[in-house]
Each structure stands twice: as C-alpha cells, then as structure tokens.
Amino acid sequence: MKGELQYIGRHAGTVLAGQLAVMAFGTTDTIVASRYSNEAVAALSVGSAIFISVYASLMGIFQALLPLWSEQRGAGRPRAIGHSLRQSMYLCATACVLGMAVLLMPDALLRWTDVPDALQLEVKRYLAVLAWGLPPALLFRIYSALNQALGHPKLVTWLQLISLLIKIPLSVWFTFGGLGLAPLGAVGCALATLLVNYTMFAVALWLMRTQDFYAPLALWQKLEPPDWRQLGRFCRLGIPAGLAILVEVTSFTLMALYVARQGPLSSASHQIAANLAAICYMVPLSLAIATSARVSYWRGAGDEAQARTLIQQCFKLALMIGMATAATLFVARSWIADIYTDSPQVLAMTSWLLICVAAYHVADCVQTYCIFVLRCYRVTVAPLVLYCLLLWGGGLGLGYWLTYRWQAAPGWQDWQATPMPLWICSAAALLVTALAFSTILHKTIRPPKPQTSPRSAQ
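Residues numbered from 1 in each chain as written. Predicted model: local features only at pLDDT ≥ 70, side-chain atom pairs only at ≥ 80, totals over all residues. Heavy atoms only, no water.

Considering the overall build of the protein
Worth spelling out the cut-off: Labels follow the DSSP assignment, with helices taken as runs of H or I lasting at least four residues and strands as runs of E lasting at least two, numbered in each case from the N terminus. Note that the radius of gyration is over C-alpha atoms, with the globule rule given as 2.2 Å times the number of residues to the power 0.38. Working definition: with a 1.4 Å probe on protein chains only, accessible area under 20% of the residue-type maximum means buried, over 50% means exposed, and in between means partly exposed. Here, residues are in contact when the closest pair of their heavy atoms is within 4.5 Å.
Per the secondary structure count, the protein includes 18 helices and 0 strands. Expected size for 458 residues packed as a compact globule is a radius of gyration near 23 Å; at 22 Å, the protein falls within 12% of this value. When the backbone C-alpha atoms are referred to their principal axes, the protein occupies close to 75 × 60 × 40 Å. Relative to its full complement of 458 residues, the protein shows a buried share of 57%. Pairs at least 24 apart in sequence give 84% of the contacts found in the protein among residues at least 6 apart.

Now the structure itself:
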C-alpha cells in the first residue's frame, strides 16, 4: 500500500504543478487587470465567470472518460483506448459548437444577471475572443485525461508550465500596450489566452505523433463512423458529470455576476477571493484525478479490495490537506490579499472574504475527492441532484435572497452591500454537500456481505 500511495502522490504532484500553472493564467490576468483599472478587473471577473462556466461543464464530459481509459489500461486493452479516443472527437465537435454559441451570444445571460450596461460591451468583447480558444482548450483537456489514464502526466505538466512563461508577458503586453500595440485592457488577457491555447494543442498533437508510448493505442487509424453504442455510454457517464460540474462551477461563478451589481469595489474583491479559492481547489483536484485513475486501473485489473483500500487512505489525506490549507488562508489572509491589490478598500473587503474561502475550501476538498472517485463506480446522477438542490438552492439561491431580497434591519444593510452573504451561504451548502457525498461513497465501496445459504444457517 505504501508503494501505491507514493505512486498516487507522484501522479498528484505532477498534475498539481500543471494545474497551478493553468490557474496562474487566471491569477496573472487578475493581477494585470487590477493594475490596469478597477473597471478592467470587473469586466474580467464577469467574463471569466461565464467562460469558466461553459468550459468547465464541457470539460467535465471529457474528464469523466478518464476512469474508462484507466480501466481499459488495467484490463490490458490499449487499442480500445485508441478507438474510444477517436469516438470522443464526435462528442468534442458537438461540445465546441454549443460552447462557442453561448460565448459569442451572451446578451441574454448578461441581462438576466443584471450586469451593468457599462460593463457589458467589454465583457462581450472579452468573450468573443475566448470563444475561438474553446476548441483547442477542450482538445487539450482530452489529451490531458488520456495521459493521466496512461500514467504519464508529466508531458502535460511541462506543456502547461512552459505555456505560463508565454502567457505572462503576453498578458502584460496586450493589456497595457507598447511596441506599437494600443492598450486592450481585459481583452488583452483573453487574446493572450487564445494564443497560448492553440500553442499548447499544437505541441500536444506533435507529441502524440512522435512519442513511442502512444504507439500501442493505434491512435492514428482512420476515423471510424460514429459508434452510437459507445457514444451512448460516453453520454451516460459524461453528461451527468459535466452537468454536475456546470452546477458546481455556476454556483461559484454566478456569484461574480450577482456581485457585479454592487460596483467595481465588490467585483474586484470577489474576483481575488474567487481566484484564491480556485487555486486552492487545484490541490484536492489533483489528488482526486490521481486517485480515480489508479482506482479505475485496479478495478479494470479485477482487484476491488486494492481499490477500496486506496480510496479510504486517500480520503483521509484529502481531509488533512483541506484543513491545513484553510488554516493557512485564515492566518495569512491580509498578506495574501496585499499581493493582489494596492487599493486599501479592496484589501479590507478581500481580507473578510478570505475567512469564508477558508471554510469553503475544507468542504471543497472532501466533495471534490468524493465525486471523482464515485465516477469510477459510474455514480453520477445522485451527485448531480444533490448539487442542484444544495449548491444552486441552498448556496446561490439563499445567498441571493439574503443579499438582494431580504429586508435587513438597520446595521445589516452595509453587510448586504458586500459579497459576504453569498460566500457564507455557499460555504455552508458545500459543507452539507461534502457530508452527503462522503456517505454515498462509503455505501458505494462497502464490500457486499457474504450470502448465507439456508442450509448453512441451520
């Protein structure tokens, strides 16, 4: 078991390095835009919330294929992986069309969430650029899931780290202008992301053509006609998983759209808190990805007992990581906020929000780990239902009511004019979600009781 935990630790650490590099894209954009103007970071907050909601929900469909490919690897069926990867291209093409349509036509969503008119034009310009970066982003996510299933996440991580070195100077240059380029504000951050996405996918494509360990998969055979039975299996697993991520992400990102009504100060503070929460999320996400890949491998190899033991040990690890990270956020919240902004007002509000982020993160660690492992057992519908009830209803819905509908007593109205009610309700809802998911996971992996025959009972 020690060897297995070390294997998962190395895998998770590699994935984490890459995920942090990707998250640094958003951190870079937040810092650059906040130094440019409060209006720019407010537009970035709203625009990135919409893009992340679209991208993450579609990405979840393909991330859910990771257990399938890991099981096929554990069962010694590499050519089945290649076939299913080619079939996933049909699903990817459909996802790209739907996602780009939303990003290129966000007017209804902006009106529904009452985003101020002054922000809408800049947000639409930002999303129009990112829409064309969605296809390479989704294709690279498929490449990432494939490598994780094969136990080779290092190539993905190196690509992500190198891309960060390209992203940082491009975001600064495009946002502030220079060398003959006019300042583009928040749109400059989107343009830098677009160029980086295409670069990452092009290099990934080259690696798949040249690296020997892909050869057993026979990836480059002629694309078969759609296998509707296999695509149906993909959809039954991927669509509920993708919708669950959509609910999870929108319960988080829609806060940015609601907070935008309160003005640039609240939007800027919320964006910093949201960015930090997302960075912290990468730790349990990496552990969950590595664990689900290894659990699925052992299930494919027919060793259910080994899979159960891994799940139990890594659950404890996820909980400890969440508590340690939350304590760090709570103690160092003012110092951390100071890295992002030089505005005293934004700094003060962000410091309060980070208390909520700390509590939010503990629950996030547990529920993220559970939902990834549950996908190894094809449990996807129950988490989706719980997400809808708890995150949309108890978190986002109650937070919205407390912020904009509750007739607060004098003295509480200043509190309502901040993102705090939304963050407090979201943290509480996520805690209940984590407890529910833990219960489902425990029941799912519990070994069946041996059946006693009537004769032996006598």
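Still to come is the rest of the account.
Comments concerning the pattern of salt bridges
Cut-off, in case you're wondering: Salt bridges are defined as contacts in which a side-chain nitrogen from Lys or Arg sits within 4 Å of a carboxyl oxygen from Asp or Glu.
In total, this model carries 8 salt bridges according to the counting rule given. Two residues, R294 and E4, come together in a salt bridge whose shortest N-O distance is 2.8 Å. Taken as a pair, R294 in helix α11 (residues 264–300) and E4 in helix α1 (residues 2–36) lie far apart in primary sequence, 290 residues in all. Residue E4 is classed as buried on the basis of its relative accessible area of 11%. In this structure, the salt-bridge partner of E71 is R378, at a minimum N-O distance of 3.1 Å. You can see E71 sitting in helix α3 (residues 66–74) and its partner R378 sitting in the loop between α14 (344–376) and α15 (381–405), a full 307 residues away along the chain. When salt bridges with common partners are traced through the structure, they connect E71, R299, E304 and R378 into a single cluster.

Considering helix α13 (residues 333–340)
Heads up, the condition is: What the arc describes is the spread of directions from the helix axis to the C-beta atoms.
I336, A337 and Y340 are the residues of α13 that are buried. Taken down its axis, α13 places every buried residue within 95° of arc, on the same side. Exposed side of α13, more than 90 degrees from the buried face: W335 and I339 are the residues found there.

Some details on the environment of L104
Among the structural elements, L104 can be located in helix α4 (residues 78–104). Counting along the chain gives 23 residues from L104 to L127, while the straight-line C-alpha distance between them is 6.6 Å. Filtering out sequence-adjacent residues up to four positions away, L104 remains in contact with A128, A131 and W132.

Section: the packing of helix α10 (residues 228–259) against α14
Worth spelling out the cut-off: Note on method: axes are straight lines fitted to C-alpha atoms, helices fitted across the in-contact stretch only, with angles between N-to-C directions ranging 0 to 180 degrees. Throughout, the term roughly parallel applies to angles under 35 degrees, roughly antiparallel to angles over 145, roughly perpendicular to angles from 65 to 115, and oblique to all others. Throughout this entry, Asp, Glu, Lys and Arg are counted as charged residues, while Ala, Val, Leu, Ile, Met, Phe, Trp, Tyr, Cys and Pro are counted as nonpolar. The remaining residues, Gly among them, count as polar.
Two elements in contact, α10 and α14, have axes whose closest approach is 12 Å; the angle formed by their N-to-C orientations is 170°. By the angle between their directions, the pair α10 and α14 is classed as roughly antiparallel. Note on element contacts: α14 touches α10 through Y360, D364, Q367, T368, I371 and R375, opposite L237, A241, A244, I245, E248 and F252. Partitioning the contact of α10 with α14 into residue classes produces 7 nonpolar, 2 polar and 3 charged.

A short note on the environment of M23
Within the fold, M23 resides in helix α1. Residue classification places M23 among the buried positions, given a relative accessible area of 14%. Placed 101 residues apart in sequence, M23 and K124 show a C-alpha to C-alpha distance of 22 Å.

Description of helix α2 (residues 38–63)
Going by this rule: Between the first and last residue of a helix there are one fewer steps than residues, each counted as 1.5 Å, and that sum is the expected span.
With 26 residues, α2 should reach 38 Å at 1.5 Å per residue; the first-to-last C-alpha distance of 35 Å fits that figure. Taken across its 26 residues, α2 has 23 buried, putting it largely inside the fold.

Some words on the side chain of S48
Using the following cut-off: In protein, a polar contact means a hydrogen-donor-capable atom and an acceptor-capable atom, both N or O and within 3.5 Å, with residues adjacent in sequence counting only if both atoms are side-chain atoms; elsewhere, any N or O pair within 3.5 Å suffices.
Locating S48 in the fold gives a position in helix α2. Residue S48 is classed as buried on the basis of its relative accessible area of 12%. A polar side-chain atom of S48 sits 2.6 Å from the main-chain carbonyl oxygen of L44.

A look at the side chain of K167
Mapped onto the secondary structure, K167 falls in helix α8 (residues 154–176). What makes K167 buried here is its relative accessible area of 0%. At a separation of 2.9 Å, a polar atom in the side chain of K167 contacts the main-chain carbonyl oxygen of C189. Beyond its immediate sequence surroundings of up to four residues, K167 is in contact with F25, D29, C189, A192, T193 and V196.

Observations regarding a positive patch on the surface
What counts here: Patch membership requires more than 30% relative accessible area and the absence of a salt bridge. Residues of like charge join within 9 Å; the nonpolar side chains Val, Leu, Ile, Met, Phe, Trp and Tyr join within 5 Å. Computed with a 1.4 Å probe, the accessible areas rest on the Shrake-Rupley method; for each residue, only the protein chains presented here act as cover. By the counting scheme adopted, Arg and Lys are positive, Glu and Asp are negative, and His together with the chain ends is not counted. Taken as the charge centre is NZ of Lys, CZ of Arg, CG of Asp or CD of Glu, depending on the residue.
Residues R77, R229, R233 and R236 make up a contiguous surface patch of positive charge. Take R236: it is sitting in helix α10.

So, the packing of aromatic side chains
Both the distance between ring centres and the angle between the ring planes are used here to describe each pair of aromatic rings. To be explicit about the condition: A pair of Phe, Tyr and Trp rings is counted when the ring centres sit within 6.5 Å of each other, with Trp represented by its six-membered ring. The angle between the planes then sorts it: under 30 degrees is stacked, over 60 is edge-to-face, the rest tilted. Remark: a charge is flagged as sitting over a ring if the NZ atom of Lys or the CZ atom of Arg is within 6 Å of the ring centre and within 35 degrees of the ring normal.
If you walk through the whole model with that rule in mind, you get 12 aromatic pairs. Aromatic pair F213 and Y214: ring centres 4.2 Å apart, planes at 35°, arrangement tilted. With relative accessibility at 26%, the residue F213 sits in the partly exposed group. Residues Y258 and Y400 carry aromatic rings whose centres are separated by 4.9 Å and whose planes lie at 55° to one another, so their mutual orientation is tilted. Placement of Y258 in helix α10 and of Y400 in helix α15 is noted, with a sequence separation of 142 residues between them. Note on accessibility: Y258 and Y400 belong to one class, buried. Linked through ring pairs, F140, Y143, F213 and Y214 together constitute an aromatic cluster. Directly above the ring of Y7 sits R294, whose terminal nitrogen or CZ lies 4.2 Å from the centroid.

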